[in-house]
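The primary structure of each chain is shown beneath.
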Amino acid sequence: MAELSPVLQQATPVLAARGQGVYLYDEDERRYLDFTAGIGVTSTGHCHPRVVEAAQRQVGTLIHGQYTTVMHRPLLQLTERLGDVLPAGLDRMFYVNSGSEAVEASVRLARQATGRQTIVAFQGGFHGRTMGAGALTTSGVKVRAGIGPMMPGVAFTPFPETYRHGWSEAEAVRFALAELDQLLLTVTSPKDTAAFIVEPVLGEGGYIPAPAAFLEGLRERADRHGILLIADEVQTGVGRTGKFWGHQHSAITPDILITAKGLASGFPISGIAASSALMSKAWPGSQGGTYGGNAVAAAAALATLDVVRDENLVDNAAEQGARLQEGLRKVAAEHPVIGEVRGRGLMVGNEFTTPEGTPDGATAARAHAAAAERGLLLLTCGPAGNVVRMIPPLIVDSQQVDDAVGLWSEAVAAAVA
Ligand code: PMP
């Protein structure tokens, strides 16, 4: 008999038997309010009927049309449809299977297109676990510990953090951009720097929104030096932040945009978008993979985009996200252990801090477990695991938000008792 390796850490003790909408059910039909959405993946909820129908239809028609061997209609339709939502000018796409692979693909594209090597990433960022994407990841040492040396040609510089330093947004942005300028003067010459890669909301690193002025500062430096700007929208894309793309909370357009997670409601597919001028600099055949752009996943993605549009899920994310943050702030006001509630749209974090002002991962873990006991599934993030994050499906309604806030209030009270 074989068993699962303990290397896979499981955030909750739940054995999920089925999912419907915002709920998961275990084998005893116990119902859980799922504010994890499979780490921000089930954007249209679990088993949305239109996604199920599209996938089932495709399974019976063509499961695997290998895109470097034959093309298939679902991928062409998905690409055409993405044209409705992608920023103007980013009109060439290719596909792989996961966020990490898409990040790696963006690195290859940026290096080929510029002929330069260094990728600048921001401290606290998460871009994946493969050796290339992992080399860009600093959300916590567990992703790197014991597995180096990582991919060379990476330089790190701070992400603007207000709460941790007790700074205003303007101070945090000024510091981060000054550090980036210093990096380009001292560590990696602009002539050697291929790209900046940034999450519009720092995800695994603690749910910290990037201020618009920071992204705009990156854009300005990228333009000045001929460096590419890669937006890792793996977690922030497809409506999650209350705009279709997370970078749209600022005035920038990235050169390369990466999408995954919420794109297909749970089917594995990820995409890389860039301009035709940029894509034409990629070496033909240097990207792709056996399962990339799978036909069933593409059909599910197409249905997901239709549901997001037809059910106004981007607006719903903005509206319910505001309601969620308002409710959570009331809970935080009663419990000083929660130092900050922050986020964008339905990507919301609760940061736990000791009275001395240090990260309080222990209390966060207790609150997280107490919530699961009460039927509310959540995740933690942040380098010390001290941020409890809430990332429900985009279909969540006001009653479900209020239910979650109620359960969270009980869970925090139990954690500090
Ligand atoms: N980038 C970001 C911003 C992510 O949040 C994640 C996953 N949490 C990844 C990349 C990696 O995606 P995957 O797990 O699909 O490889």
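Residues numbered from 1 in each chain as written. Predicted model: local features only at pLDDT ≥ 70, side-chain atom pairs only at ≥ 80, totals over all residues.

A word on the overall build of the protein
Going by this rule: Secondary structure elements follow DSSP: runs of H or I of four or more residues count as helices, runs of E of two or more count as strands, with numbering from the N terminus. In this treatment the radius of gyration is a C-alpha quantity, and the globule benchmark scales as 2.2 Å times the residue count to the 0.38 power. Residue burial here comes from a neighbour count, namely the number of other C-beta atoms, placed from the backbone, that lie within 10 Å of the residue's own C-beta, with 20 or more meaning buried, 12 or fewer meaning exposed, and in between meaning partly exposed. Note that contacts rest on C-beta atoms placed from the backbone: two residues are in contact if these are within 7 Å.
Along the backbone of the protein there are twelve helices and 17 strands. Against the globule reference of 22 Å for 417 residues, the protein gives a C-alpha radius of gyration of 21 Å, in line with a compact fold. Its C-alpha atoms give the protein principal-axis dimensions of about 60 × 55 × 45 Å. Looking at the protein as a whole, 53% of its 417 residues are labelled buried. In the protein, once contacts between residues fewer than 6 apart in sequence are set aside, the share between residues at least 24 apart is 73%.

Digging into the packing of helix α6 (residues 169-186) against helix α7 (residues 212-225)
As a reminder, the rule being used: Inter-axis angles, ranging from 0 to 180 degrees, are taken between N-to-C directions of lines fitted to C-alpha atoms, where helices are fitted over the stretch in contact. If an angle is under 35 degrees, it is roughly parallel; if it is over 145, roughly antiparallel; if it lies from 65 to 115, roughly perpendicular; otherwise it is oblique. It is the rotation of the near helix from the far one that decides the hand of a crossing: anticlockwise by less than a right angle makes it left-handed, clockwise makes it right-handed.
Closest axis-to-axis distance for the α6/α7 pair is 9 Å, and the angle between their directions is 20°. Taken together, the axes of α6 and α7 lie roughly parallel to each other. Crossing geometry of α6 relative to α7 is assigned as right-handed. Across the interface between the two elements, Val-173, Ala-176, Leu-177 and Leu-180 of α6 pack against Ala-213, Phe-214, Gly-217 and Arg-221 of α7.

Some thoughts on α7
Definition in use: One fewer than the residue count of a helix, multiplied by 1.5 Å, yields its expected span.
Taking 1.5 Å per residue as the helical rise, α7 with its 14 residues ought to reach 20 Å, and the 20 Å between its terminal C-alpha atoms agrees with that figure. The elements touched by buried residues of α7 are α6, β7 (193-198) and β10 (228-232).

Things to note about the sheet that holds β10
Quick reminder of the rule: DSSP-based pairing: two strands are paired if at least 2 bridges between them are found.
Strand order across the open sheet formed by seven strands is β4-β12-β11-β10-β7-β5-β6, with mixed pairing between neighbours. At either end of the open sheet lies a strand with only one pairing partner, and these are β4 (92-96) and β6 (154-157). Across the sheet, the axes of successive neighbouring strands diverge by a mean angle of 20°, strand direction being ignored. Sheet topology places strand β11 (residues 256-259) next to strand β12 (residues 270-274); four bridges connect them, and they run antiparallel. By the bridge assignment for β12, Ile-258 is matched with Ile-272. The strands that α6 touches are β5 (118-122), β6 and β7; relative to β6, the one it contacts most, it runs at about 150°.

Focus on the pairing of β12
Taken across its five residues, β12 has five buried, putting it largely inside the fold. Neither face of β12 is exposed, since Ser-270, Ile-272 and Ala-274 on one face and Gly-271 and Ala-273 on the opposite face are all buried. By the bridge criterion, five bridges tie β4 to β12 in an arrangement that is antiparallel. Residue pairing for β12: Met-93 is matched across the bridge by Ala-273.

Some remarks on the sheet that holds strand β15 (residues 376-377)
On the basis of which strands lie adjacent, the open sheet formed by four strands has the order β1-β2-β3-β15 and mixed pairing. The strands lining the two open edges of the sheet, one partner per strand, are β1 (16-20) and β15. Alignment of strand β3 (residues 31-34) against β15, held across two bridges, turns out to be parallel. Opposite Leu-33, over in β15, you have Leu-376 as the bridge partner.

Observations regarding the environment of Gly-375
Mapped onto the fold, Gly-375 is located in the loop between α11 (361-373) and β15. It is 9.9 Å that separates the C-alpha atoms of Gly-375 and Tyr-25, two residues lying 350 residues apart in sequence. The contact partners of Gly-375, leaving out residues within four places of it in the chain, are Arg-31, Tyr-32, Leu-33 and Leu-407.

Functional significance is not addressed by these values, which are geometric in nature.
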